Amino acid sequence: MTPIAHSPHAHAPISISKVMTTVMLALTPATLLGFWLYGWPAINLWVICILAAILGEAFVLRLQQRAIKPALMDGSGILTAWLLALSLPPFSPWWIAVLGSLFAVIIGKQVFGGLGQNVFNPAMAARVMLLISFPLEMTTWVAPALHPGFVESLHLTFGSQSLDGMASASLLGHAKTEFTRGIGLDQSLTGYYAPLDMLWGSRAGSAGETAALLLLAGGVFLIWRRIITWHIPVAMLLGVALPALLFSLIDPNHYAGPLVHLLSGGVILGAFFIATDPVTSPNTALGQFIFGLGCGLLTWIIRTWGGYPEGVAFAVLLMNTATPLIDQYIKPRIYGRDRRGAALPAKKGV
Amino acid sequence: MLIAIISLTVLGSTLGLLLGYAARRLAVEGNPLVAEIQAILPGSQCGQCGFPGCAGAAQALADGTAPVTLCPPGGRALVQALAAKLGVEADLSGVQDSVPMVAEVKEEICIGCTRCFKICPTDAILGAAQQIHSVFREACTACGKCEEVCPTESVKLQPIPVTLQSWHWKKPQEAV
Amino acid sequence: MLGLKLFKLRGGVHPEGRKQLAAEHGIRSLPLPAELFIPLQQHIGAPATPVVKVGERVLKGQLLAAAQGAVSAPVHAPTSGTITALGDHVAPHPSGLPVPTITLTSDGAEQWLEAAGCATPLELAAEEIAAQVAAAGIVGLGGATFPAALKLNLSRNSGVQTLILNGGECEPYLTCDDRIMRERAPQIVEGIQLIARAVAADEVLVGIEDNKPQAIAAMQAAAQGSSVQVVVMPSMYPMGSEKQIIQVLTGKEIPAGGRPADIGVLVHNVATAYAVQQAIRYGRPLISRIVTVSGGAIKTACNVEALVGTPVQALIDFADGYAQPTARLVLGGPMMGQQFTHTGVPVVKGTSGVLALTASEIGQAEPSPCIRCTTCVRACPVGLLPLEMAAHIRASDLTGAVALGLKDCIACGSCSYVCPAHIPLVHYFNYAKGDLAAQERAKLKLEATKKLAEDRTARIARIERERAEAAARRKAAREAKERAAKAAAESEGAA
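Residues numbered from 1 in each chain as written. Chains lettered and ligands numbered in written order. Predicted model: local features only at pLDDT ≥ 70, side-chain atom pairs only at ≥ 80, totals over all residues.

1. Looking at the overall build of chain B
Item 1. Scanning chain B from N- to C-terminus turns up seven helices and four strands.
Item 2. Since a compact globule built from 176 residues should have a radius of gyration of about 16 Å, the 25 Å found for chain B marks it as more spread out than a globular shape.
Item 3. Taken over the C-alpha atoms alone, chain B extends approximately 95 × 55 × 25 Å along its principal axes.
Item 4. Per-residue burial over chain B gives 24% buried out of 176 residues.
Item 5. The contacts in chain B between residues at least 6 apart in sequence include a share of 54% that link residues at least 24 apart. (Helix = DSSP H or I, 4+ residues; strand = E, 2+ residues; numbered from the N terminus. Rg over C-alpha atoms; globule rule 2.2 N^0.38 Å. Buried ≥ 20, exposed ≤ 12 C-beta atoms within 10 Å, placed from the backbone. Contact = placed C-beta atoms within 7 Å.)

Okay, here's the thing in structure tokens:
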């Protein structure tokens, strides 16, 4: 006889794999645009990342003698690899993708005990690992609309064809380089800064950084589907925009304005898809807002004063470490109790 | 050189005197922990732990030579209380498995010898000579002493039957 | 009356209502079953004590078992007939354990016990109303089955500002309260007025979810010209939970560990109000209730008025049996109801529904790991962190779960319902609550037996001492005697 089941005897039509699929669906338009902009190399990269993640995860599950199918079918590994693929330079060689994906699912997730147990966002952990270990490959950006054919793309991905001729700096990288040469933002951004282009993604960057508008649409879709709430994205965008606005008002020649910060780099992707990773973000609405604000602020600080031109990945990882602390101090008020947990006084009257 | 020697000597002897005085002034008779542990233990002196009575068990617990799970009548609640008192991790895995028991008299074969009645440490057995005894469940700690002395094997420890009042949900099975 | 300001409910979920299955089926009486199984405990508190013997003939409405202790409720004969057994019968409880039960074989005569009744109930004294409610064995019919009279007395003593009648019926499938409000609104309103009189309430609100427009209309019509206000509430689960309906209608919260009386509120179910009216106007004790028979596996869903003690199988038969394979049978609603397997279990005072659910309705799946998505945190109407509590309980850290507010959990099941990982969160919480209660009982027992052991040791020591003293006394007496004899001999010799 099957054991007696506990209530409730009904369930919302939702599951982990549905959550993951919905996030993937939200990523699809921006990904397709990335494919269209960068052509075959980006597609190769995406496929390699996902394949490596699946195989790597299956291998580790086998080592742990755990059921492979349910853990693979939840789609979390694929989503991690997808996000990683979107944050890599589109013309990266194959081994960058493989190494990154394996690091993400094995070191980033399975080593901690699998889905739900990891402290750091796996995709960002992998990206940071790659960035620190292979700074050259990870900062070789190409301008979009450079369409290598399929065969040529295989050379790019698997061969040793040099990218020297095509390399182009991302906006943030360019600004930072010029700045160190003593050239002010007013000059360095001329020709680079065109917000409309950024919205549609026609600028150098990773596939996931380029299409701000489509990513935004995907994010709004996720909020509408109640997969994520507005707290982290809005707070993160505010966390970037507010200091940027303040400092650009003080010294516009030294500090880029909020629009440049919001639309360049991985802020939109980070705010809606990376920082909102439920596993590594706080439990409560207020906690999530603080978390998002921290992610945004750190991103801006790293971009402005740090050594790296882009700071989303570092900011998210740093705030991941703060998540348990935030959860420790920010808890919802329980019905019939005050904020500190003491019972409300018994009183009559309004 | 001389100043150093003198100052250290003075310092050392002063502190030594202070310590000596404190040892006399604040002396504690026996180990208070033993008394505190003994206060937690059931006090039925059943001897199931292998120590001569609860005082012996308390001493062993305080010395750290006995595990906090030593007392079967105390059950899980006692293990947790002891673990909290001694500041150790309680391994409840072994304790959980033991079903709570209670002594029960098989009335057909009870001869009314009063042996169990006399030995019961908590007066949980009611009866008189030549009369069938019965067990007051709420007072029985399942120490098993009655079982040992019963000449007809009439008294036996039985698992406490689950009732609507005592039933509760089991821990969910973990698939992952 | 629609203008009354509503307050916000925290959390909550929107399960698919599925009330249309039974909502349009009017209340019908069930054919009289041959045998009725009347458990002695159909309420929170001590079980009732039987006052009848096997073989005794009883009349409909006659007292079968009397209340025992402060928190208890009597049980009455649902029909006339003969008591055929006083024994155990399977309880309407997930454990499937037996419960002491009176078996009544009906004689088909449905012969009522002469009942006094009262033609002018609204002139009765408050104490008299409460006493009659107690005598009629009325308990909370919303599912909690707390003795109603006790609540009346408690509230009368502490004063009631707001009397709330719960017509929320937020559980999916169930339409018993909907139907009783549609069909018996005048009686309910009279019952409400009786309750209001019994506790001297200042304000009387009837909260009904907006998915029951006909019930709202019927109740509004019946309440016309009285002080009873019908308030339309948004449909949301768990709107019909006591804490939540108070919060939505008054904005007040019951202090943790307290009762509604602490904030001057009393909540009763609308069906309870009907039972109160029947008891006081006609002198009829609580011997029947409206039950919704529904679920995707039931052929013809319906609402029936069933006698207490009717085997559930009779209700299923009345609904033409099953149309589809049944994956699970449930007593009550799907959110908080209890699964049962034996269709011989009786309908009791707290049975609001009998559901036969198909596998697709249940939507059960293997649990997967928690991804900390916090959907449960957003769904919790109490403001708890279900994911954290479950993690602590899973690791056997019940104290940690209590520190997170386990005892404030109302077990509404919203968290389990929305969990994408299908983790049985509320099962974890009820396991922990049960285990903690068992530990508490064990601790109390330990203290009691320890006292007994100490008493015994002291007694044995005293007996030993007394024995020793007695021996010493005897010895002293003997020696004195010897000395005296010696002395006498000596004096004799001297003389």
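2. Examining the overall build of chain C
Item 1. Scanning chain C for helices and strands turns up 14 helices and 17 strands.
Item 2. For 495 residues, the compact-globule formula gives about 23 Å, and the C-alpha radius of gyration of chain C, at 29 Å, lies well above that figure.
Item 3. Across its three principal axes, chain C shows a C-alpha extent of roughly 120 × 65 × 50 Å.
Item 4. Residue burial in chain C is summarised as follows: out of 495 residues, 55% are buried.
Item 5. Sequence-distant contacts, at least 24 apart, represent 73% of the contacts inside chain C between residues at least 6 apart.

3. A few points about the domain arrangement of chain C
All names here are of chain C.
Item 1. Split into domains, chain C comes out as domain 1 (19–307) and domain 2 (375–435).
Item 2. One C-alpha centre belongs to domain 1, the other to domain 2; they are set 30 Å apart.
Item 3. Counting residues at the interface gives six residues for domain 1, matched by five residues for domain 2.
Item 4. Partitioning the side of domain 1 that touches domain 2 into residue classes produces three nonpolar, two polar and one charged. (Domains from an automatic or database assignment. Nonpolar A, V, L, I, M, F, W, Y, C, P; charged D, E, K, R; others polar.)

4. Some points on the environment of C:Phe318
Residues and elements named next belong to chain C.
Item 1. Among the structural elements, Phe318 can be located in helix H8 (residues 312–318).
Item 2. When the 20 C-beta atoms within 10 Å are taken as the criterion, Phe318 is described as buried.
Item 3. When the C-alpha atoms of Phe318 and Ala115 are compared, they prove to be 30 Å apart, with 203 residues separating the residues in sequence.
Item 4. Excluding its chain neighbours within four sequence positions, the residues that come into contact with Phe318 are Leu30, Val293, Cys302 and Val304.

5. Points about the domain arrangement of chain B
Item 1. Segmentation of chain B into domains returns domain 1 (32–96) and domain 2 (99–159).
Item 2. Centre-to-centre, using C-alpha coordinates, domain 1 of chain B lies 25 Å away from domain 2 of chain B.

6. Side note on the sheet that holds strand S6 (residues 75–76) of chain C
Residue and element names in this part refer to chain C.
Item 1. If you trace the three strands from one edge of the open sheet to the other, you get S3-S5-S6, paired in antiparallel fashion. The sheet terminates laterally at strand S3 (49–50) and S6, the two strands that pair on one side only.
Item 2. Two elements, strand S5 (residues 63–66) and S6, share two bridges in a ladder whose sense is antiparallel. Bridging across to S6, Leu63 finds its partner in His76. (Pairing = 2+ DSSP bridges.)

7. Re the confidence of the model for chain C
Note that predicted coordinates carrying low pLDDT should not be read in detail.
Item 1. Mean pLDDT over chain C works out to 92, with 99% of the residues at or above the 70 mark.
Item 2. With a pTM of 0.86, the predicted complex shows an ipTM of 0.86. (pLDDT = per-residue confidence, 0-100.)

8. Brief notes about the pairing of strand S8 (residues 98–106) of chain C
Residue and element names in this part refer to chain C.
Item 1. Pairing analysis gives five bridges linking strand S2 (residues 35–39) to S8, with the strands arranged antiparallel. Paired with Phe37 across the strands is Thr103, a residue of S8.
Item 2. Bridge count for strand S7 (residues 81–90) against S8 is nine bridges, and the pairing is antiparallel. When the sheet's bridge partners are listed, His89 is paired in S8 with Val99.

9. Some points on the interface of chain A and chain C
Item 1. At the junction of the two partners, chain A supplies 37 residues and chain C supplies 55 residues.
Item 2. In terms of residue count, helix H1 (residues 16–38) of chain A provides more of the side of chain A that touches chain C than any other element does, three residues in total.
Item 3. Looking at side-chain class alone, the side of chain A that touches chain C contains 20 nonpolar, 10 polar and seven charged residues.

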